[in-house]
Structure formats: structure tokens, C-alpha cells
Amino acid sequence: MATSLIRNGTVLSDAGRMAADVLVENGVIARVGRGLPESADTVIDASGRFVLPGGVDAHTHLDMPAGDITSTDDFETGTIAAAHGGTTTIVDFATPEPGESLLAALDTWRAKAEGKAVVDYGFHMVLREFGERTASEVRLLANREGVTSFKMFMAYPGRLMADDGSISGAMRGTRDQGGLVMIHAENGRAIEVLIAEALQRGDTAPRFHALTRPVGAEAEAASRAIALAEMAAAPVFIVHLSSAEALEALRVGRARGVAVFAETCPQYLCLSDAEYERPDFEAAKFVMSPPLRPAPHQEALWRGLAARDLDTVGTDHCPFGFSDPPHKQRGRDDFSKIPNGAPGIETRLMLLWDEGVRTGRITPERFVEITAAAPAKIFGLWPRKGTIAEGSDADIVLWDPDASVAISASTHHMRVDYSLYEGRTVTGVPEAVLSRGELIVDRGAFVGRKGRGRFLRRGAAGAASA
Ligand SMILES: [Zn+2]
């Protein structure tokens, strides 16, 4: 039986912190306590370090087709980058082709990850509509395959957008299977009109991406999604919430008793729409949906995280090359052709520690909650993931709160030729990362093995109190 002992650290969970040793046996946490025996095969000294549960990123897009291109990180490079940043579990999105069976889509995505991923992974399933066949496949996905969360889009008409009837049906149909509907909340039809008008006027620069996806389009869709959930007596999860107005819609819904959960992302907390003023098409690097917002929204989101209105922080990691490969260049003459998405799977914990914990906006415990515990609870992975407790998987990060690193595309591990945070120095870095007890990152070096990550069958989603 392989054992390791992490000694003299401060174990941090969503509930508190304590000076304790952690004994790992066969990939699982066997004991947490003071003065555990030193007879382990490997002893790791964690003096002066926090011992955190590995991060859970419930919003990634690895190896994702978008028209005739694909997001640049696959399940190998993307999960290696995740591990470097202290994330040991991801939940990615399986997307069926129009008319394709959901079970077939799950097979396709599992095949993309199998033999490549270096950390554990699960999948949400994208739904375009909800009919009889979808309903029976959802039952199998939830009860047999451990896929208990279902993503629907109120944006992207003609490609992914689902109408209100489909969303309502899906909320009812997944609810009884322990499922949770996740919503991309932007009013796709209203945005379509604004985009057409902008292009007609000759407003083709990247900044018009943001101007044609205004806050109102997000706030309207978020409140509509919440109303649909209320009518369906079902929970709902709003992904990548980016604005104060959408946050207000969430508060109003919660006050009425709707089980609404929400995620925001580091880019909405740490960046503003000032990035769209960059010259030389550089603004295209920041083209994502929803777009970056005016700076005052950042403080509103931080307050929402501290006040527990927002539940989780995921990355929406969806990297496309700026010039190598020239994915973003496709929109040089038309912002609506810029592939939407940006990299971030590696930098989530460091940015949140530096901008959140070190500034006093959130406590270290809240940091663990939003990066690991809450996503594990909401998406049916708790207590296997998201906590340092006896019986949990030994996904453990030794966190050095005093070390600093400069973020740069020249040193990051994501397979993409730019960083949203180029040159920014952050303090608080993962020094060592264990996944199921195996050391996979040691002082900035990847020491894990390709393909060691396992598919996670998840339990019921959306029932946990975050
Ligand atoms: Zn996304």
C-alpha cells in the first residue's frame, strides 16, 4: 500500500483551517490530524504552506470544434496546464451534433479525454432541444453514465440556441433525474439585431463585439432563465455571470425562493472592457461571450462572491490562437467572425488568491469554497472532490502564499500564443500538486503521466447548498 504523509502544513477547507498532517493511502486521504506517524513511503514537509483541496474547474472547453477550427488545448495539454495551476478536476462540455444521440456525443468526448487527461474529468451534456428522445437519453446519462448537468444556450441563434419551451422542458425533465440545467444567459435574438446593425454601419472592429452584447442582453436572459426555473420548480445554474445587473436578477430570484446557482470567471473579476481599446487588433484576444464589462462591474462581482450570491468561479477556458494558429485573425474585417473564447485554465487559483485573498475581498476559506468545494457540491462530486477529509480523493495542493510568479505566454503551459494577463505578477502559487495521491506537479515541473486522469461518474447535481 503506497502511503504519503504531508506534515506541518495548515489544512484549509471551506469550513475552516487547522494545523494538521495528512496521511494518504492508495490515493485516498486516510487521516487528517496532528502528529501522525512518520512511517509513510513519502514524507512531504508543508511548513509555512497551506494544504488545499485541488481546484475543481467546472467550465472548460478542451478539444472543442468551432466550425472548421478547434480550441487549441486538447485533454493532454489542457489538463497539464490545469495541474500547473492547482486544478485537479475539470468538468468539460460534450456537445452533440444537431440530431446526434447524446450518448454518442458522450462517447466522442470520452474518447477525446481517454489516454490523454492527466487529472480527473467529467462532462456536462449540451442540449439543443428537449423532446421524447432527449428525455430518455437524459435518464440514461444521469442514472447510468454519471452525467447530471445539462447546458443550454439562450445565445447563438441557428447554432446552439434553445428556445424557452425546450429550456422549460429540460428543466422539468432533468429535475426528476437529479439533474441540473446550466444556462448561457444572453438574449441571442436581440444581439443578432445589434450585430447586423453594427456591421451595416461599418463598425467592424473587435470592440463592437462588446458593444453589441450589452449588459441588458445578459440581465434579461438571466431573469428569464430564473423565471423558467421557478415555473419548473427546478434548480438552475447560470454560467459565466459577468455583470452587476445579472447578479441583481439572481438576488431577486433567490429572494423568491428559486434554487439558482451562479458562476463567474477570473476574467470578469480581473479585467474590464478597457482591453477592447488596444490597438493592432490585440483587442481580439479578449473577445469572449459575455464580453468584458466596464470596471465597476468587477467590484460588484467581488462583493457578490464575498456575500455568497455567486457560488463558484470557473474559467470558461476556450483558447484560440491569436496569430499562431491565426484563429482570431479570421475576424480582422468583421468582429462577428472572431472565434469567441480565451485561455485561463492555468491561472484561476493564482489570480483569485492574488486579487481576492491578498486584497481582503475574500477569506482563504471562501477561496477554497469557490474554487473547489462549491463546484464539487453543486455538480455531484462531493465529498470525493473539493475537500481534505478522510475518505476523499487525495487531490491536494501545497500552496505557497508568499511566492510570486509573472504570468506570461512565454512560460505558461496552455497551448496558446497569448495570455490575457501578460506581464502581471501574482503572489500565491501552487508549489506541489497531488492527484489521487500521486505527485503530478513539483515546483513548476510536470512529473505526472499522460492518460492517468479518470472519467468521473457524478452524483445528483443542483441539490447541494453552496
Ligand atoms: Zn463556456
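See the structure above.
Thresholds applied
Residues numbered from 1 in each chain as written. Predicted model: local features only at pLDDT ≥ 70, side-chain atom pairs only at ≥ 80, totals over all residues. Heavy atoms only, no water. Axes fitted to C-alpha atoms, helices over the stretch in contact; angles between N-to-C directions. Helix = DSSP H or I, 4+ residues; strand = E, 2+ residues; numbered from the N terminus. Parallel < 35°, antiparallel > 145°, perpendicular 65-115°, else oblique. Left-handed = near helix turned anticlockwise from the far one by under 90°. Contact = heavy atoms within 4.5 Å. 1 Å grid on protein atoms, 1.4 Å probe; cavity = no way out; pocket = protein on both sides within 12 Å on 5 of 7 lines; lining within 4 Å. Points joined across faces, edges and corners; volume = space filled by probe spheres on them. Nonpolar A, V, L, I, M, F, W, Y, C, P; charged D, E, K, R; others polar. Buried < 20%, exposed > 50% of the residue type's maximum accessible area, 1.4 Å probe, protein only. Core = buried A, V, L, I, M, F, W, Y, C linked by side-chain atoms within 4.5 Å. Donors = N, O, S within 2.8 Å, 3.2 Å for Na, K, Ca; no water. Pairing = 2+ DSSP bridges.

### Thoughts on the packing of helix H7 (residues 215–232) against helix H8 (residues 244–255)
Part 1 of the reasoning: In the contact formed by H7 and H8, the axes pass within 8 Å of each other and the chain directions differ by 20°. With respect to each other, H7 and H8 are oriented roughly parallel. Handedness of the crossing formed by H7 with H8: right-handed. Between H7, through Val 215, Glu 218, Ala 219, Ala 222, Ser 223 and Ile 226, and H8, the contact on the second element is made entirely by Glu 245, Ala 246, Ala 249, Leu 250 and Gly 253.

### Some thoughts on the layout of surface pockets
Part 1 of the reasoning: The volume enclosed by the largest pocket comes to roughly 1,100 Å³.
Part 2 of the reasoning: Residue lining of the largest pocket: 44 residues in total, with Ala 66, Tyr 156, Arg 159, Leu 160 and Asn 340 positioned closest to the centre.
Part 3 of the reasoning: For the lining of the largest pocket, the secondary structure elements donating two or more residues are strand S7 (65–66), strand S11 (149–153) and helix H5 (188–201).
Part 4 of the reasoning: At four residues, the largest contribution of residues to the lining of the largest pocket is made by H5.
Part 5 of the reasoning: Among the residues forming the lining of the largest pocket, the class breakdown is 21 nonpolar, 13 polar and 10 charged.
Part 6 of the reasoning: Approximately 290 Å³ is the volume found for the second largest pocket.
Part 7 of the reasoning: In this structure, the second largest pocket is lined by 15 residues; those nearest its centre are His 84, Glu 346, Met 350, Val 405 and His 413.

### A few points about unusual backbone geometry
Part 1 of the reasoning: Residue Pro 325 is bonded to the preceding Asp 324 through a cis peptide linkage, with omega at 0°.
Part 2 of the reasoning: Checked against the element boundaries, Pro 325 lands in the loop between strand S15 (312–313) and helix H11 (348–357).
Part 3 of the reasoning: Residue Pro 383 is bonded to the preceding Trp 382 through a cis peptide linkage, with omega at 0°.
Part 4 of the reasoning: Mapped onto the secondary structure, Pro 383 falls in the loop between helix H12 (364–378) and strand S16 (396–406).
Part 5 of the reasoning: The backbone of Asp 316 shows a phi angle near 55°, a positive value even though the residue is not glycine.
Part 6 of the reasoning: On the secondary structure map, Asp 316 appears in the loop between S15 and H11.
Part 7 of the reasoning: In this structure, Arg 436 takes a positive phi of about 45° despite not being glycine.
Part 8 of the reasoning: Within the secondary structure, Arg 436 sits in the loop between strand S17 (425–435) and strand S18 (438–442).
Part 9 of the reasoning: You can call Arg 436 buried: its relative accessible area is 11%.

### A short note on the nonpolar core
Part 1 of the reasoning: Counting residues in hydrophobic clusters, the biggest one holds 110 residues, and the most contacted among them are Phe 123, Met 125, Met 171, Ile 183, Leu 241, Phe 367 and Trp 399.
Part 2 of the reasoning: For this core, the element with the highest residue contribution is H7, accounting for eight residues.
Part 3 of the reasoning: Discounting residues that sit within four places of it in the chain, Met 171 has contacts with Val 181, Ala 225, Leu 228, Ala 229, Ala 232, Ala 234 and Val 236.
Part 4 of the reasoning: Of all hydrophobic cores here, the second largest spans 21 residues; its members include Tyr 156, Leu 160, Met 182 and Ala 376.

### Description of the coordination of the zinc ion
Part 1 of the reasoning: Protein-derived ligands of the zinc ion are His 59 (NE2), His 61 (NE2) and Asp 316 (OD), with the metal-ligand distances lying across 2.1 to 2.2 Å.
Part 2 of the reasoning: Along the chain, the residues donating to the zinc ion are arranged with the sequence spacing H-x1-H-x254-D.

### Describing the sheet that holds strand S9 (residues 87–94)
Part 1 of the reasoning: Strand order in the open sheet made by the eight strands is S6-S9-S10-S11-S12-S13-S14-S15, with parallel pairing throughout. What marks the edges here is a single partner per strand, and that holds for strand S6 (55–60) and S15.
Part 2 of the reasoning: When strand S14 (residues 260–264) meets S15, the two strands line up parallel, connected through two bridges. The residue bridging Glu 263 from the neighbouring strand is Thr 312, located in S15.
Part 3 of the reasoning: Together, S11, strand S12 (180–184) and strand S13 (236–238) form the strand contacts of helix H4 (residues 164–175), whose direction differs from that of S12 by roughly 155°.
Part 4 of the reasoning: Packing of H11 onto the sheet brings it into contact with S6, S9 and S15, and relative to S6 it is tilted by some 115°.

### Notes on the environment of Thr 347
Part 1 of the reasoning: Its place among the elements puts Thr 347 in the loop between S15 and H11.
Part 2 of the reasoning: Taking the C-alpha atoms as reference points, Thr 347 and Lys 328, 19 residues apart in sequence, are found 21 Å from one another.

### Focus on the packing of H8 against helix H10 (residues 296–306)
Part 1 of the reasoning: For the pair H8 and H10, interaxial distance at closest approach is 9 Å and the crossing angle is 30°. In this view, H8 runs roughly parallel relative to H10, as classed from their interaxial angle. Residues Ala 244, Glu 245, Leu 247 and Arg 251 of H8 touch H10, and the partners they reach there are His 297, Ala 300, Leu 301 and Gly 304.
Part 2 of the reasoning: Of the residues that constitute the contact of H8 with H10, the class distribution is four nonpolar, two polar and two charged.

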